[in-house]
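# Survey of secondary and tertiary structure
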Amino acid sequence: MLKTKFLLKTNEINLRLDFFLKKKFYSYKRNFFQNLIKNKNVFVNKIYKKKNYLLKNNDVIEIFFQKKKFNYKKIKLHLLYEDEYILIINKKSGLVVHPGNGNKSMTLSNGLHFYFKNKKIMPFLVHRIDKGTSGLILVSKYENILNKISKQFWFNKIKRKYITLVWGIFFKKEGTIICNIGRCLKNKTHMNVFPNGFLGKQAITHYKVLETFKYFSLLKCSLETGRTHQIRVHLKYIGHPIFNDKNYGEDKKYKNFISFKERIFLEKCLKTLKYQALHAYYLEFKHPIYLKNKYLISPIPEKFKFLIKKIKNFCL
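Residues numbered from 1 in each chain as written. Predicted model: local features only at pLDDT ≥ 70, side-chain atom pairs only at ≥ 80, totals over all residues. Heavy atoms only, no water.

Our next topic: the overall build of the chain. Across its full length, the chain holds eight helices and 16 strands. Taking 316 residues into account, the globule formula puts the C-alpha radius of gyration at 20 Å, and the chain, at 21 Å, falls close to it. If one aligns the C-alpha atoms of the chain with their principal axes, the spans along those axes are about 70 × 45 × 40 Å. For the chain, buried positions account for 50% of its 316 residues. Within the chain, contacts between residues separated by at least 24 positions form 65% of all contacts whose residues are at least 6 apart in sequence. Summed over its atoms, the accessible surface of the chain is roughly 17,100 Å², and 53% of this surface lies on carbon and sulfur atoms. The distance from the centre of the 66 positive side-chain charges to the centre of the 19 negative ones in the chain is 5 Å. (Helix = DSSP H or I, 4+ residues; strand = E, 2+ residues; numbered from the N terminus. Rg over C-alpha atoms; globule rule 2.2 N^0.38 Å. Buried < 20%, exposed > 50% of the residue type's maximum accessible area, 1.4 Å probe, protein only. Contact = heavy atoms within 4.5 Å. Areas by Shrake-Rupley, 256 points an atom, 1.4 Å probe, with all protein chains shown as cover. Lys, Arg positive; Asp, Glu negative; His and termini not counted. Charge placed at Lys NZ, Arg CZ, Asp CG, Glu CD.)

All right, on to the packing of aromatic side chains then. Overall, the coordinates contain 11 aromatic pairs when judged by the stated rule. Judged by centre distance (4.9 Å) and plane angle (80 degrees), the ring pair of Tyr115 and Phe116 falls under edge-to-face. Consider the rings of Tyr281 and Tyr282, whose centres lie 6.2 Å apart with planes at 55 degrees: the pair is tilted. Assessed through its relative accessible area of 15%, Tyr281 is described here as buried. Across the ring face of Tyr48, the terminal group of Lys40 is positioned such that the distance to the ring centre comes to 5.2 Å. A cation over a ring is seen here: Lys161 above Tyr282, with NZ or CZ 4.7 Å from the ring centre. (Phe/Tyr/Trp six-rings, centres within 6.5 Å; stacked < 30°, edge-to-face > 60°. Lys NZ or Arg CZ within 6 Å of the ring centre and 35° of its normal.)

By the secondary structure assignment, Lys141 is in the loop between strand S8 (134–140) and helix H4 (143–154). Polar side-chain contacts of Lys141 include one of 2.6 Å to the backbone oxygen of Asp83. (Polar contact = N/O pair within 3.5 Å; in protein donor to acceptor, adjacent residues only side chain to side chain.)

Core analysis: the largest hydrophobic core is formed by 50 residues, its most contacted members being Leu112, Leu165, Phe243 and Ile311. Residues in contact with Phe243, not counting those within four places in the same chain, are Leu165, Val166, Trp167, Phe216, Asp251, Leu266, Cys269, Leu270, Gln276, Ala277 and Leu307. Core analysis: the next-biggest nonpolar cluster, separate from the first, contains 33 residues, Phe6, Leu55, Ile63 and Phe124 among them. (Core = buried A, V, L, I, M, F, W, Y, C linked by side-chain atoms within 4.5 Å.)

Together, Leu185, Phe198 and Leu199 make up an exposed nonpolar region whose accessible area comes to about 370 Å². Mapped onto the secondary structure, Leu185 falls in the loop between strand S11 (180–183) and strand S12 (191–194). (Patch = residues over 30% accessible without salt bridge, like charges linked within 9 Å, V, L, I, M, F, W, Y side chains within 5 Å. Salt bridge = Lys/Arg side-chain N within 4 Å of Asp/Glu carboxyl O.)

Structural data, given as structure tokens:
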């Protein structure tokens, strides 16, 4: 069992207990902490409190992580960097980050716990990317390191850039999408844009067009915020959904506007890539101990690269 302890700060007064913990541990969902609270693994001033408890000045919060109950699983990990405090993984598309309903063992988190099973280390994912998205993920080996890096996320100090292939041609070569994102009111597994700002949380995505191929555009996207499915939802909202995105793409809709020959070609392209054409290729942050800026670049996966080449040649 691992224990983490926090002394409440002035600017954290009146936060809900579950929201406070979500803020401290950036990569975990709030229901993860709601379950910990429900199972009495979280205490305030040595006393059990419910998830909706409003924190008060000088409260001391203790959280206990049950390491022994975790399901270890040997999964091939592509490590790009590791030192005594952190590691950076290049996640392949199709690999889920955290255990959840329907998948409690074959996840990146399970694989990390297996990697460290003979060491006194409980890894924490600092952030996450979608199952179908490939690319860079930063992992902390200790809670105090996680807290230091999470602050960089909270204040938008960490730079993350993505490459994506989307439908349609842009009139402007670069732009910024600023729209609230929140859970879809009809389908809680999907996210939705709320342009009026009354629902959801503010989300900011910058994009730049790298190349265009008749019906498609290759974009570089950078994030100022880290909302769930942010790039996918934002790009769909402006009419440029990501190619082969099962939840937010509109591949079938676009098939109606192309020729029969192009439709056959498109079907082959969709089979080339199992998941959405989105890759987290760039990550920059300040090392929590050495205090030096560090950045890593992950090359575009071969299948994604092959798809771009295929579409480029076909559209010439």
